[in-house]
Amino acid sequence: MDRAALVAELADQVRDAITSGDRWAPDYDALMERTGFRRSWCEKAVRDARTQAFSAPCDDTARTDGDTRTGPPSAWAA
């Protein structure tokens with residue numbers, strides 16, 4: 001099992017769910033069966049996938065409020 005590939009695949013699933021307005025939840029039983037690892041290993045892979053999904057650059061074309069955010073977060077509040 002290539003952990004990096006699994007994390008990337010899960011991160012894609014998280015992003016797809018966000019884009020479609022759904023909530024993503026991991027199926028730990030399926031992950032444990034697929035990988036052959038225990039739940040703890042799978043939880044860490046899911047954690048890393050969520051981190052990867054949320055740290056990816058944002059695509060502002062999907063925004064509906066017309067606000068394109070540039071600059072540091074402190075500038076957004078102004």
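For clarity, every value in this text was computed on a predicted model and none was experimentally measured. (Residues numbered from 1 in each chain as written. Predicted model: local features only at pLDDT ≥ 70, side-chain atom pairs only at ≥ 80, totals over all residues. Heavy atoms only, no water.)

Moving on to the pattern of salt bridges. Where side chains of opposite charge bring their charged atoms close, a pairing between them can arise. Applying the stated rule across the entire model yields five salt bridges. We note a salt bridge from Asp-12 to Arg-15, for which the minimum N-O separation is 2.8 Å. Here Asp-12 pairs with Arg-15, and both are found in helix H1 (residues 3-20), just three residues apart, close to one helical turn. Note that Glu-43 is salt-bridged to Arg-39, the shortest N-O span being 2.8 Å. Placement of the pair is Glu-43 and Arg-39 together in helix H3 (residues 39-55), with a separation of four residues, close to one helical turn. (Salt bridge = Lys/Arg side-chain N within 4 Å of Asp/Glu carboxyl O. Helix = DSSP H or I, 4+ residues; strand = E, 2+ residues; numbered from the N terminus.)

Moving on to H1. Since there are 3.6 residues in each turn of an α-helix, residues three or four apart along the chain are aligned in direction. The end-to-end C-alpha distance of H1, which contains 18 residues, comes to 26 Å, matching closely the 26 Å that a straight helix rising 1.5 Å per residue would cover. Looking at H1, one finds that the buried residues are Leu-6, Val-7, Leu-10, Ala-11, Val-14 and Ala-17. When H1 is viewed along its axis, its buried side chains cluster within an angular range of 135° and face the same direction. Pointing more than 90 degrees away from the buried face of H1 are the exposed residues Ala-4, Asp-16 and Thr-19. Where H1 is buried, its residues touch helix H2 (28-35) and H3. Once H1 finishes, Gly-21 follows within two positions and takes phi at roughly 80°, a positive value. (Expected span 1.5 Å × (residues − 1). Buried < 20%, exposed > 50% of the residue type's maximum accessible area, 1.4 Å probe, protein only. Arc of directions from axis to C-beta. Contact = heavy atoms within 4.5 Å.)

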